[in-house]
Amino acid sequence: MNPWLLAIRPKTLPAAVAPVLIGTAMAYGDGLGNAPAAFMAFLAALFIQIGTNLANDYFDFKNGADTAERKGPTRVTQAGLIKPEVVLIAAIIFFALSFLASLYLVHRAGPVILFIAIVSILSGIFYTAGPKPLGYLGLGDIFVLVFFGPVAVAGTYYTQSLEINPAIIVAGLAPGFLSTAILAINNLRDIDTDRRAGKFTLAVRFGRSFAMSEYLFCIIAATLIPFAVELITDDHKGIAMASLVGFAAIPCVKAAFTHLDGAGLNRVLGQTGRLLLIYSILFSIGWVLWSR
């Protein structure tokens with residue numbers, strides 16, 4: 001595989017796409033959609049995800065978390081496929097591109113979007129950078145739940161509609177939970193190398209059983225979100241079909257509880273990313289097409 005394709009980690013990109021898709025569908029379903037804002041929100045989210053992945057590749061190597069013993073996919077900095085300084089420069093470029101894309105959204109929706117853009121970019125950088133990286137303190141799960149969930153969905157919706165409501169916030173929890181499930185599998189897979197590197201993820205702090213239970217909880221919570229949204233709106237009944245993802249996730253949950261090898265958990269990670277994308281598509285279709 002091309003080293004740059006490895007570096008951007010395609011299996012993680014649904015975490016960026018899914019909340020933008022849901023926020024856009026909810027805006028259009030409410031008759032408030034705006035195509036240019038939707039497109040720029042997509043670019044901003046995609047660029048910040050790629051920037052974060054590249055920064056993680058660089059800083060995890062510098063911090064000693066990525067070694068030849070890790071069970072996950074190849075990391076280009078650790079493997080020597082791309083020079084560390086080049087990976088860092090690429091991360092900076094993608095963060096800058098994300099900020100530039102956000103400027104249109106700031107012009108349209110005001111300074112609150114500027115604040116969200118800056119905090120999101122800084123969180124992506126300091127997830128693995130700095131003297132006390134978020135991911136090394138066990139705060140990565142909260143970061144992912146919030147920024148890949150309600151912040152991304154509500155931000156996307158707001159830049160198009162210029163308004164917000166509780167249903168949007170609650171709907172955003174679903175992609176947040178599923179993205180956190182991806183992180184839980186990642187941390188479960190890397191628990192041994194993370195422990196040796198002093199990377200105190202929740203899996204390292206509380207053990208394998210906790211990481212497995214966190215994964216299961218996130219899957220269940222995500223499948224319940226459409227019903228919570230229906231209670232708030234009493235409308236858009238079709239979003240309930242997104243909960244069918246819970247049935248499709250059963251093999252993933254089983255594998256998460258039985259596979260300790262890197263290859264098996266890597267498959268679960270990829271499958272969970274696909275489930276996130278499928279969930280967002282089903283939710284979006286249900287919101288736009290099935291309303292009272």
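See above for the structure.
Residues numbered from 1 in each chain as written. Predicted model: local features only at pLDDT ≥ 70, side-chain atom pairs only at ≥ 80, totals over all residues. Heavy atoms only, no water.

(A) Structural detail: the packing of aromatic side chains. Following the criterion strictly, the structure yields nine aromatic pairs and no others. Note on Phe-177 and Phe-217: the rings are 5.9 Å apart at their centroids and 85° apart in plane angle, and the pair reads as edge-to-face. A residue pair is termed long-range when its members are at least 10 positions apart, and Phe-177 in helix α9 (residues 166-189) and Phe-217 in helix α12 (residues 208-233) qualify at 40 residues. Judged by relative accessible area, which is 53%, Phe-217 ranks as exposed. Centre to centre, the rings of Phe-206 and Phe-210 are 5.1 Å apart; their planes meet at 45°, and the pair counts as tilted. What makes Phe-206 exposed here is its relative accessible area of 54%. Each residue in the set Tyr-127, Phe-143, Phe-147 and Phe-148 is aromatic and connected to the rest through ring pairs, giving one cluster. (Phe/Tyr/Trp six-rings, centres within 6.5 Å; stacked < 30°, edge-to-face > 60°. Helix = DSSP H or I, 4+ residues; strand = E, 2+ residues; numbered from the N terminus. Buried < 20%, exposed > 50% of the residue type's maximum accessible area, 1.4 Å probe, protein only.)

(B) Spatial organisation of unusual backbone geometry. Phi is positive for Arg-9, which is not a glycine, with a value near 55°. By secondary structure assignment, the location of Arg-9 is in the loop between α1 (3-8) and α2 (14-29). Assessed through its relative accessible area of 13%, Arg-9 is described here as buried. One non-glycine residue with positive phi stands out, namely Leu-162, at about 60°. Turning to its location among the elements, Leu-162 is positioned in the loop between α8 (150-161) and α9. Leu-162 gets classed as partly exposed once you look at its relative accessible area, which sits at 43%.

(C) The side chain of His-236, seen in detail. Relative to the helices and strands, His-236 is located in the loop between α12 and α13 (245-248). Judged by its relative accessible area of 5%, His-236 falls in the buried class. At 2.7 Å, the side chain of His-236 forms a polar contact with the backbone oxygen of Trp-287. (Polar contact = N/O pair within 3.5 Å; in protein donor to acceptor, adjacent residues only side chain to side chain.)

(D) The arrangement of the nonpolar core in detail. Core analysis: the largest hydrophobic core is formed by 52 residues, its most contacted members being Met-26, Ile-185, Tyr-215, Ile-219, Val-229, Tyr-279 and Phe-283. Counting residues per element, the ones that place at least two in this core are α2, α7 (140-147), α8, α9, α11 (202-206), α12, α14 (250-258) and α15 (262-289). The element best represented in this core is α9, accounting for twelve residues. Other than its neighbours up to four places away in sequence, Ile-219 contacts Leu-178, Ala-181, Ala-249 and Val-253. Formed by 19 residues, the second largest nonpolar core is a distinct cluster that contains Phe-59, Ala-90, Ala-91 and Phe-95. (Core = buried A, V, L, I, M, F, W, Y, C linked by side-chain atoms within 4.5 Å. Contact = heavy atoms within 4.5 Å.)

(E) Quick look at the packing of α9 against α12. Between α9 and α12, the least distance of the axes is 8 Å, while the angle of their chain directions is 165°. With respect to their mutual orientation, α9 and α12 come out roughly antiparallel. Crossing geometry of α9 relative to α12 is assigned as left-handed. Each residue belonging to the contact of α9 with α12 can be placed in one class, and the counts come to 24 nonpolar, two polar and two charged. (Axes fitted to C-alpha atoms, helices over the stretch in contact; angles between N-to-C directions. Parallel < 35°, antiparallel > 145°, perpendicular 65-115°, else oblique. Left-handed = near helix turned anticlockwise from the far one by under 90°. Nonpolar A, V, L, I, M, F, W, Y, C, P; charged D, E, K, R; others polar.)

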